[in-house]
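Observations on chain architecture
Each chain, written out:
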Amino acid sequence: MVNSALNKNLLMNKKSISLFLGILITSLNYSCLHSQDDKKENSSNNSYQWTPEHMHVGVRWQPFGMPGCELYDANRPLISEHSSYAQFWVSWNAVEPSEKSTDYAKQMSGSLKAIEHAVNLCVERGVKVEFVLWHTPSWASESGKGGPWRPKSGLYAEFVTRIAKYFKGRVDAYQLYHEVNLKGMMNDADSTFIINEIFKDGARAIRKVYNEEPARPVIVSTSGTSPCEACDAREGLKGGKGAVAVDDYYDQLIASDELMKEVDALNMNVSDHFNGYGMMDGLIIPNVWGQYDLVRGKLDAAGLEHKKILSSESWIVWDDSNNNHDVNSDGSRNELDAYDKAVTIFGKLLERGLNTINMPWCDNSSRWSMGLVKRVDYNGRVKQLQPDWVTPSKDGGPDIVTRKISLRGSNDDNFIPTEAPSSGLPFTEKDYINPGDPNHLHYYIWKWYSQISAGSDEVIRHALAGERGNDIKVLGTGMTGNEQYRISAYNRTTKKFLVLIYSGGANGKGFADVTIPSTIQNGVYYNNEHSFTDFRGEGISNGNKYSVQVITKNISRIDGSDQDVSSNTYRNQVVKKGELTARVNRMNKFTFIEFSPF
């Protein structure tokens, strides 16, 4: 039953009635999603098994535990069309607040119910899922305090075993902790404890579950690294803070042969911290792609070329908060800076070989403003309670919420929107370049890069820029400017090769000839004898025909719309010397190429 006030509001117009019916239907769906039969059905919808060779561009999702809100968000294009994976932060403290809540069948916590609902929505849409685990409940911590505290010996492995058993078949990847290079993320623990109890024992616990019949592969990685230069570092790390401690943190992980046998990858934060491009000290880590190079170099020097690097927490700040940066020197810190930062950060990391990257999906109540899209008044309740907090959407959808808020309540019908306090760096409508757009400006850059992972299709890394014998060659007058990126992937679902090219100086007048290998080659980091699955040789063989579609365009710095779009299609091309080729005429800054068997 809904309350009388909401009933009166719903009867005001047909739109409200439709929204109300949608919430009722969602509530019914939510109950169904918790049945064992639906859990099995959801598992079967994972049409491929995620390996380190697969490419993923996605989102970090923080569900509120309101079924209607989660369903609406899952159906937004951000998740339902463009994301290939979603990352969830799973706080042990929240999902198991008491020992009773370790019994998921009888005493499941509200936090775990919310995460499970969102996970099921992702699986239904073919979106892969990764968990990031962190924090400790008071009953399991040595200090008796809940949150960032050292757990009692052995209890963390028991926790991840429960999570892995419950979500096996729906979750394909696990990060064992969050920003554990910082002391404050787990007080009273040194780096030795982290390596042994959290990483090694945690990884073994997850693998044991996933190796049991029916066996499934799983990706297990360590923990992201906070880019805070001034923050106190984990006990046992050199330097006591910042990049020096991060450098030693990676050294200690790689020096542990046991650990490196258990994990598939190390992790790094992807952020615009400090200078707009992820700098810590300017020397060891001058920028976020410098951190990638640092880790990659350490792994290579240790003979661990087959070990991968994954992104953990990722963000790009878009508003006028203190941690944003005027990277384009126009005198303002706003969404235009986020646009420019997204072009550079995504381009430099994906081109280098980072196979997963995500951004926060929506404005949230955290201290910094870093969502890809704006929170919308999906059921009209914010407008009902706080009409000054919304503005009409330009696409005719639900109103845009113009405040940084959290939603507090037990369900969709009774939540109370709460504005973030002043200490939380709040934003208002004045911070938006385009208030009526449901998306932030850098969303359109994220969406362009997301083409390389093709949503729910199975996509693996193909050629790697600059790799001898496995290069992405782009030659011509159109490939110019200070920023140039080239990324290639193979869509195993559609049997098509995908190429993204960014040319910062392109002006629609020059051309470029693009050449990639016509089949998956043996690579230094991907598709080699260490791969979970051998994809080498897949593609289009010599003598076979193929077609090419080329779309080159610019993306508006005002509203994210496509501009100066030029497209060409070439048919009846023939593979020669094991190569696929395409000509880009009138090349603009953003170019997408698709090679298809003909």
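The structure reproduced in this document is the subject of the present report. Quantities reported herein were computed from a predicted structural model and do not represent experimental measurements.

It is worth spelling out the sheet that holds strand E17 (residues 512-517) at this point. The 3 strands are arranged E14-E17-E20 in an open sheet whose pairing can be described as antiparallel. Each of the sheet's edge strands pairs with one partner strand only, and the pair in question is strand E14 (473-475) and strand E20 (579-584). The average undirected angle you get between the axes of adjacent strands in this sheet is 15°. Bridging between E17 and E20 involves 6 bridges; their strand directions are antiparallel. In the strand pairing of E20, Thr-515 is matched with Thr-581.

The next subject is helix H10 (residues 191-211). A rise of 1.5 Å per residue sets the reference length of H10, with its 21 residues, at 30 Å; its end C-alpha atoms lie 28 Å apart and thus fit the reference within 8%. Most of H10 sits out of view: 15 of its 21 residues are buried.

Of all 11 residues in strand E18 (residues 545-555), 8 are buried; the element is thus mostly enclosed. As defined by bridge partners, E18 adjoins strand E21 (residues 590-597) across 8 bridges and the pair is classed as antiparallel. Note that in E21 the partner of Lys-553 across the bridge is Phe-590.

Turning next to the packing of aromatic side chains. Two aromatic rings are characterised by how far apart their centres lie and by the angle between their planes. Under the defined criterion, the tally for this structure stands at 30 aromatic pairs. Considering the side-chain rings of Phe-131 and Tyr-174, the 6.1 Å spacing of their centres and the 85° angle between planes classify their relative orientation as edge-to-face. Residue Phe-131 is located in strand E3 (residues 128-134), and its partner Tyr-174 is located in strand E4 (residues 173-177); the two are separated by 43 residues in the primary sequence. For Phe-131, a relative accessible area of 0% gives the class buried. A residue is classified by how much of its surface remains accessible, and Tyr-174, at 1% relative accessible area, is buried. Between Tyr-277 and Trp-289, the aromatic rings sit 5.8 Å apart at their centres with planes inclined by 65°, giving edge-to-face as the arrangement. Here the residue Tyr-277 occupies a position in the loop between strand E6 (265-271) and helix H13 (288-301), and Trp-289 occupies one in helix H13, the gap between them amounting to 12 residues. Like Tyr-277, the residue Trp-289 is buried in the burial classification.

What follows is about helix H16 (residues 443-450). Of all 8 residues making up H16, 7 are buried, and the element is well covered by its neighbours. Considered for burial, the residues of H16 that qualify are Tyr-443, Tyr-444, Ile-445, Trp-446, Trp-448, Tyr-449 and Ser-450.

Where H10 contacts helix H11 (residues 242-255), the axes come no closer than 11 Å and their chain directions differ by 50°. With respect to each other, H10 and H11 are oriented oblique. Helix-helix and strand crossings are classified by hand; for H10 and H11 the assignment is right-handed. Across from Ser-191, Ile-195 and Phe-199 in H10, the residues of H11 making contact are Tyr-249, Gln-252 and Leu-253. Of the residues assigned to the contact of H10 with H11, the class counts are 4 nonpolar, 2 polar and no charged.

Conventions adopted
- Residues numbered from 1 in each chain as written.
- Predicted model: local features only at pLDDT ≥ 70, side-chain atom pairs only at ≥ 80, totals over all residues.
- Heavy atoms only, no water.
- Pairing = 2+ DSSP bridges.
- Helix = DSSP H or I, 4+ residues; strand = E, 2+ residues; numbered from the N terminus.
- Axes fitted to C-alpha atoms, helices over the stretch in contact; angles between N-to-C directions.
- Expected span 1.5 Å × (residues − 1).
- Buried < 20%, exposed > 50% of the residue type's maximum accessible area, 1.4 Å probe, protein only.
- Phe/Tyr/Trp six-rings, centres within 6.5 Å; stacked < 30°, edge-to-face > 60°.
- Parallel < 35°, antiparallel > 145°, perpendicular 65-115°, else oblique.
- Left-handed = near helix turned anticlockwise from the far one by under 90°.
- Contact = heavy atoms within 4.5 Å.
- Nonpolar A, V, L, I, M, F, W, Y, C, P; charged D, E, K, R; others polar.

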